[in-house]
Amino acid sequence: MLALRPLLPRRLVTLPARVRAFTVLALESSADDTCAAVVTSDRQILSNVVINQQAFVEEYGGIHPFVALHAHQRNMARAVRRALSEAKLTLADIDGIAFTRGPGIPGCLSVCGNAARTLAAATNKPLVGVHHMQAHALTPFLTSPLDSVPAFPFLTLLVSGGHTLLLLVTSRTAFRILATTLDESIGNAFDKVSKLLRIPYANRAPGAALEHFCAEHEHEHKHGDETVQDVPEVLLPRPMRGRLAFSYTGLHSTVERFLDARRGTLDERTHLGLARSFQRAAVAQLEEKLTLGMQLCAREGVAVRGLVVSGGVASNVFLRERLRACLDKESPEDPVPLVFPPPRLCTDNAAMIAWAAMDRFLAGDTDECSIESRPRWSLEELEWDMPPSDSPPDDCRTVEVR
């Protein structure tokens, strides 16, 4: 017999008398960016503050949980103050507080969680905890023109420093995991290889620096720079062929062994060739799993109506081009829409957290201030956690406020 889990602590709030858009202040600190944003139910992003920790990432070669935690503690109050100031609002104008409940780094999650719970309790405003990856997946509903928002069911690729997921999305809360990584994420592999190749960050994230390095030299190649002609291709593994599963450890470890065999010394052509070969192999794995996922959906009679790609790696231009080509090859007669959030909303941000919480706020389905963070939280558990409720229609984006 299927065991029934008790629903999480929630409270129903009566949305009160004058009609205007519902305004949410959201906080995010699941990894290394301290974020605060103000978003309204009529899809207006009034502010979107992101304070990154790039200097620490460069110093430690990645996210150091203890350092990130203390940076969040220093930055969160400033982020909230800036978000309200840029929105030209005060806390009195805010109707609800949202925060990233999980998944993420435990200590980092505690910063946005504690700040949001305290603000909600002190101001007696409703509170909603949000699944970080759900927020990424739903971002196009905030940013796309109303006539081109994704239609269910659609596939989502969530590609970031912490996650590599291919999902079938059938509603705003119903996600089926088709493929996930068996070891590390694509974003983590990009960051590690960028560090191994000693590519200058130039105030970019490591993975973005690798992409820029490849693209910059591609431009030089097209304009006849002899130093980047005839760049060699380095053979890299293609793990999990034919399986709906990702694996990126083998790619970055192959790069590491290649460098060790040459004592870390490469000429310019080989250096560039290795970077390009890694990027091609990393993205090719996404293409293959996307094709397998679409074929699985077709066998099960699911008509996929689009692909949404989100997460930090989604800003990679080469990835965008290859996924478009992949979709066109798989469905040449019936083009599948490909949707990306704006690059500034591909990486972690609080605007997406506010929007993911909006339907629950409008339905009066909120959390108690005692709600705890969930560092490990599968998207497939999300629908199970949601109590039955009448969701507001998509055109219901105003509330009565006394």
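Residue numbers run consecutively from 1 along every chain, following the written order of its sequence. For this predicted model, a pLDDT threshold of at least 70 governs which residues receive local features, and a threshold of 80 or more governs which side-chain atom pairs are given and counted, while totals over whole chains, interfaces and linings are taken from all residues. To obtain the side-chain values, all non-hydrogen atoms of the structure were used and water was disregarded.

On to the environment of alanine 37. Under the DSSP-based scheme used, a helix requires at least four consecutive residues in state H or I and a strand at least two consecutive residues in state E, with every element numbered from the N terminus. Here alanine 37 lies in strand β4 (residues 34-40). Whether a residue is buried, partly exposed or exposed follows from its accessible area with a 1.4 Å probe, protein chains only, as a fraction of its type maximum: under 20%, in between, or over 50%, in that order. What makes alanine 37 buried here is its relative accessible area of 0%. Pairs of residues are marked as contacts when any of their non-hydrogen atoms sit within 4.5 Å. Among all residues touching alanine 37, those that are not within four sequence positions of it are Val24, Leu25, Ala26, Ser47, Asn48, Ala83, Ala350 and Ala351.

Now for the environment of phenylalanine 141. One can find phenylalanine 141 in helix α4 (residues 132-143). For the pair phenylalanine 141 and arginine 172, spaced 31 residues apart in sequence, the C-alpha separation works out to 9.9 Å. Setting aside residues up to four positions removed in sequence, phenylalanine 141 forms contacts with Arg43, Val149, Pro150, Phe152, Phe154, Arg172 and Trp355.

Let us now look at the sheet that holds strand β12 (residues 338-339). By definition, the strands of a sheet pair up through backbone hydrogen bonds, in either a parallel or an antiparallel sense. Whether two strands pair depends on DSSP finding at least two bridges between them. If you walk across this open sheet you meet the five strands as β10-β9-β8-β11-β12, and the pairing is mixed. The open sheet has two free edges, formed respectively by β10 (175-180) and β12, since each of these has just one partner strand. Looking at chain direction, strand β11 (residues 307-310) and β12 are connected through two bridges and run parallel. Within the sheet, the bridge partner assigned to leucine 307 lies in β12 and is leucine 338. The convention used is that axes are lines fitted to C-alpha atoms, helices contributing only their stretch in contact, and that angles between N-to-C directions extend from 0 to 180 degrees. Its contacts with the sheet put α4 on β8 (154-159), β10, β11 and β12, and the angle it makes with β8 is roughly 125°.

With respect to the helices, strands and loops of the structure, methionine 133 is situated in helix α4. Between the alpha carbons of methionine 133 and serine 310 there is a distance of 9.0 Å; along the sequence they are 177 residues apart. With near-sequence residues (within four places) excluded, methionine 133 lies in contact with Pro103, Leu158, His163 and Leu379.

What follows concerns unusual backbone geometry. The omega torsion of the bond from glycine 102 to proline 103 falls at -15°, within 30 degrees of zero and hence cis. Inspection of the secondary structure puts proline 103 in the loop between β6 (96-102) and α3 (106-123). Phi is positive for lysine 88, close to 60°, though the residue is something other than glycine. By secondary structure assignment, the location of lysine 88 is in the loop between α2 (65-87) and β6.

Viewed as axis vectors pointing N to C, helix α5 (residues 186-196) and helix α8 (residues 268-299) meet at an angle of 175°, and their least axial separation amounts to 11 Å. The orientation of α5 relative to α8 falls into the category roughly antiparallel. Across the interface between the two elements, Ile186, Ala189, Phe190 and Val193 of α5 pack against Phe278, Gln279, Ala282 and Leu286 of α8. Residue type decides the class: Asp, Glu, Lys and Arg count as charged, Ala, Val, Leu, Ile, Met, Phe, Trp, Tyr, Cys and Pro as nonpolar, and the leftover types, Gly among them, as polar. Class assignment for the residues of the contact of α5 with α8 results in seven nonpolar, one polar and no charged. These descriptions rest on fixed angle ranges, namely under 35 degrees for roughly parallel, over 145 for roughly antiparallel, 65 to 115 for roughly perpendicular, and the rest for oblique.

Looking now at the pattern of salt bridges. Put simply, a salt bridge is a Lys or Arg side-chain nitrogen that is within 4 Å of an Asp or Glu carboxyl oxygen. The tally for this structure, following the rule as stated, stands at 11 salt bridges. Salt-bridge contacts for glutamate 86 lead to arginine 82; the nearest nitrogen and oxygen are separated by 3.4 Å. Of this pair, glutamate 86 and arginine 82 both sit in helix α2, separated by four residues, roughly a single helical turn. Taking relative accessible area as the criterion, glutamate 86 reaches 40% and is therefore assigned partly exposed. The class for arginine 82 is partly exposed, based on a relative accessible area of 35%. A salt bridge links glutamate 287 to arginine 322; its shortest N-O distance comes to 3.0 Å. Here glutamate 287, found in helix α8, pairs with arginine 322, found in helix α9 (residues 317-330); they are 35 residues apart in sequence, far enough to count as distant. By sharing partners, the salt bridges in this structure join Arg360, Asp365 and Asp367 into a single network.

Our next topic: α2. Helices are assigned an expected span. That span is 1.5 Å times one less than the residue count. A rise of 1.5 Å per residue sets the reference length of α2, with its 23 residues, at 33 Å; its end C-alpha atoms lie 31 Å apart and thus fit the reference within 8%. Considering bend angle alone, the principal kink of α2 is centred on asparagine 75 and spans about 40°. Among the residues of α2, those classed as buried are Val67, Ala68, Leu69, Ala71, His72, Asn75, Met76, Ala79, Val80, Ala83, Leu84 and Ala87. Immediately downstream of α2, the backbone of lysine 88 shows phi near 60°, a positive value. What we call the bend at a residue is the angle made by axes fitted to the seven residues finishing there and the seven residues starting there.

pLDDT measures the predictor's confidence residue by residue and takes values from 0 up to 100. With 86% of its residues at a pLDDT of 70 or more, the protein has an overall mean of 88. A low-confidence stretch, residues 389-398 stays under pLDDT 50, and its non-local contacts, those more than four residues away or across chains, total 18 contacts.

We define a nonpolar core as any set of buried Ala, Val, Leu, Ile, Met, Phe, Trp, Tyr and Cys residues linked to one another through side-chain atoms lying within 4.5 Å. Core analysis: the largest hydrophobic core is formed by 50 residues, its most contacted members being Leu155, Phe278, Leu286, Leu290 and Val309. Apart from the residues lying within four places of it in its own chain, the contact partners of phenylalanine 278 are Ala189, Phe190, Val193, Leu210, Leu236, Leu251 and Val255. Among the nonpolar cores identified, the runner-up in size contains 38 residues, and Ala98, Met133, Leu167 and Phe175 belong to it.

On to the state of the cysteines. For the purposes of this analysis, a disulfide is any pair of cysteine sulfur atoms at a distance within 2.5 Å. Tallied over the full model, the rule gives zero disulfides. Looking at the unpaired cysteine 108, the closest cysteine sulfur is the one in cysteine 112, lying at 9.0 Å. Owing to a relative accessible area of 0%, cysteine 108 belongs among the buried residues under this scheme.

What follows deals with the side chain of aspartate 348. Positionally, aspartate 348 belongs in the loop between β12 and α10 (351-363). Working convention for charge: Lys and Arg count positive, Asp and Glu count negative, and His plus the chain ends are omitted. Among buried charged residues, aspartate 348 stands out as having no salt bridge; its nearest opposite-charge side chain is arginine 320, 14 Å away. Side chain to side chain, aspartate 348 and histidine 132 meet in a polar contact 3.0 Å long. Any N or O atom pair separated by 3.5 Å or less is treated as a polar contact, with the protein-specific requirement of one donor-capable and one acceptor-capable atom, and with residues adjacent in sequence counted only for side-chain atom pairs. There is a polar contact of 3.3 Å between the side chain of aspartate 348 and the side chain of histidine 136. Ignoring any residue separated from it by four or fewer positions in sequence, one finds aspartate 348 in contact with Glu28, Ser30, Ala31, Asp33, Cys35, Val50, His132 and His136.

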